[in-house]
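# Descriptive analysis of the structure
So you can see what is in the structure, the chains are spelled out below.
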Amino acid sequence: MKPILLSVLLLLLAPFALCLQVGEARAQPSAEAKLAFDQGKALYEKGSFAAALPLLEKAVSLTDSPNARLMVGRCLKDLGRRAEAYAVLARAMRDATQLADTDPKYKPTRDAAASLLAILEPEIAKLIVVLPDGLRGAPVKLDGRLLAAEEVGRAIAVEPGSVMLVAEPEGQATIERRLG
């Protein structure tokens, strides 16, 4: 290869190499995230689910890791918070499935999340919130929790029993509905 062509090729590849280094550095969990995950996992394994949960949630917030999210889902399930566990485990499974295409180490995470979802499926209810045309875009709360815009019109895992929906359209009266 001619020296000029090699120089141009190296110049073109340099930004790519820099992106790889930045991406690799970002993929490595921080010492704080690793410590939170390790401590949370150890507490979980001792059966201290309530103590493990905030540490594992911290690990998720710092890394967005499907592995940490799987552990959060396990804690929530073991604490009896089935609907929350279902939502967290569904996200862990989706994320691990995407990552498993390029990194096989996420396959066990995907499979574990799928197994737990199958166990939880008969224990939860699902609700789809659909707003009429005049209320589209209005903030909606489900049992006091503000729904994200993408949750409206999609199945949401809820605990079986009664739920309270509150829509707060701008400039209109608040609408409340108890279901179940």
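Figured I'd write up the structure that's included with this text. (Residues numbered from 1 in each chain as written. Predicted model: local features only at pLDDT ≥ 70, side-chain atom pairs only at ≥ 80, totals over all residues. Heavy atoms only, no water.)

Let us look at the overall build of the chain. Along the backbone of the chain there are six helices and six strands. Helices (α) and strands (β) of the chain occur, in sequence order from the N terminus, as α-α-α-α-α-α-β-β-β-β-β-β. Burial status across the chain gives 29% buried among its 180 residues. In the chain, 51% of the contacts between residues at least 6 apart in sequence involve partners at least 24 apart. When the accessible surface of the chain is summed, it comes to about 11,500 Å², and 59% of that surface belongs to carbon and sulfur atoms. (Helix = DSSP H or I, 4+ residues; strand = E, 2+ residues; numbered from the N terminus. Buried < 20%, exposed > 50% of the residue type's maximum accessible area, 1.4 Å probe, protein only. Contact = heavy atoms within 4.5 Å. Areas by Shrake-Rupley, 256 points an atom, 1.4 Å probe, with all protein chains shown as cover.)

What follows covers the packing of helix H4 (residues 66-78) against helix H5 (residues 82-100). For any two helices packed against each other, the geometry comes down to the angle between their axes and how far apart the axes lie. Running from N to C, H4 and H5 point in directions that differ by 160°, and their axes come no closer than 8 Å. Here H4 is positioned roughly antiparallel relative to H5, judged by the angle of their axes. H5 is crossed by H4, and the crossing has left-handed handedness. Each of Pro66, Arg69, Leu70, Val72, Gly73, Arg74, Leu76 and Lys77 in H4 lies in contact with H5, whose residues at this interface are Arg82, Glu84, Ala85, Val88, Leu89, Arg91, Ala92, Asp95, Ala96 and Leu99. Class assignment of the residues belonging to the contact of H4 with H5 gives a composition of ten nonpolar, one polar and seven charged. (Axes fitted to C-alpha atoms, helices over the stretch in contact; angles between N-to-C directions. Parallel < 35°, antiparallel > 145°, perpendicular 65-115°, else oblique. Left-handed = near helix turned anticlockwise from the far one by under 90°. Nonpolar A, V, L, I, M, F, W, Y, C, P; charged D, E, K, R; others polar.)

Structurally, Asp95 can be placed in helix H5. A relative accessible area of 15% places Asp95 in the buried class. Here the side chain of Asp95 touches Arg69 through a polar contact of 3.3 Å, side chain to side chain. Here Asp95 is in contact with Pro66 and Arg69, once residues within four sequence places are set aside. (Polar contact = N/O pair within 3.5 Å; in protein donor to acceptor, adjacent residues only side chain to side chain.)

Bringing the environment of Gly161 into the picture now. Residue position: Gly161 is located in the loop between strand S4 (155-158) and strand S5 (163-167). Using a relative accessible area of 51% as the deciding quantity, one classes Gly161 as exposed. Along the chain, Gly161 and Ala125 lie 36 residues apart, while their C-alpha atoms are 8.3 Å from each other. Once you skip the residues sitting within four places of it in the chain, Gly161 turns out to touch Leu179 and Gly180.

Applying the stated rule across the entire model yields 13 salt bridges. With a shortest N-O distance of 3.3 Å, Asp95 and Arg69 are connected by a salt bridge. Of this pair, Asp95 sits in helix H5 while Arg69 sits in helix H4, and the two are 26 residues apart along the sequence. What makes Arg69 buried here is its relative accessible area of 9%. Lys126 is the partner of Glu121 in a salt bridge, and the nearest nitrogen-oxygen pair spans 3.0 Å. The class of Glu121 is partly exposed, set by a relative accessible area of 34%. The exposure class assigned to Lys126 is partly exposed, which follows from its relative accessible area of 44%. Within this structure, Asp64, Arg69, Arg91 and Asp95 form a network of salt bridges that share partners. (Salt bridge = Lys/Arg side-chain N within 4 Å of Asp/Glu carboxyl O.)

In this model helix H6 (residues 107-120) runs 20 Å from its N-terminal to its C-terminal C-alpha over 14 residues, within 8% of the 20 Å that 1.5 Å per residue would give. Buried residues in H6 make contact with H4 and H5. (Expected span 1.5 Å × (residues − 1).)

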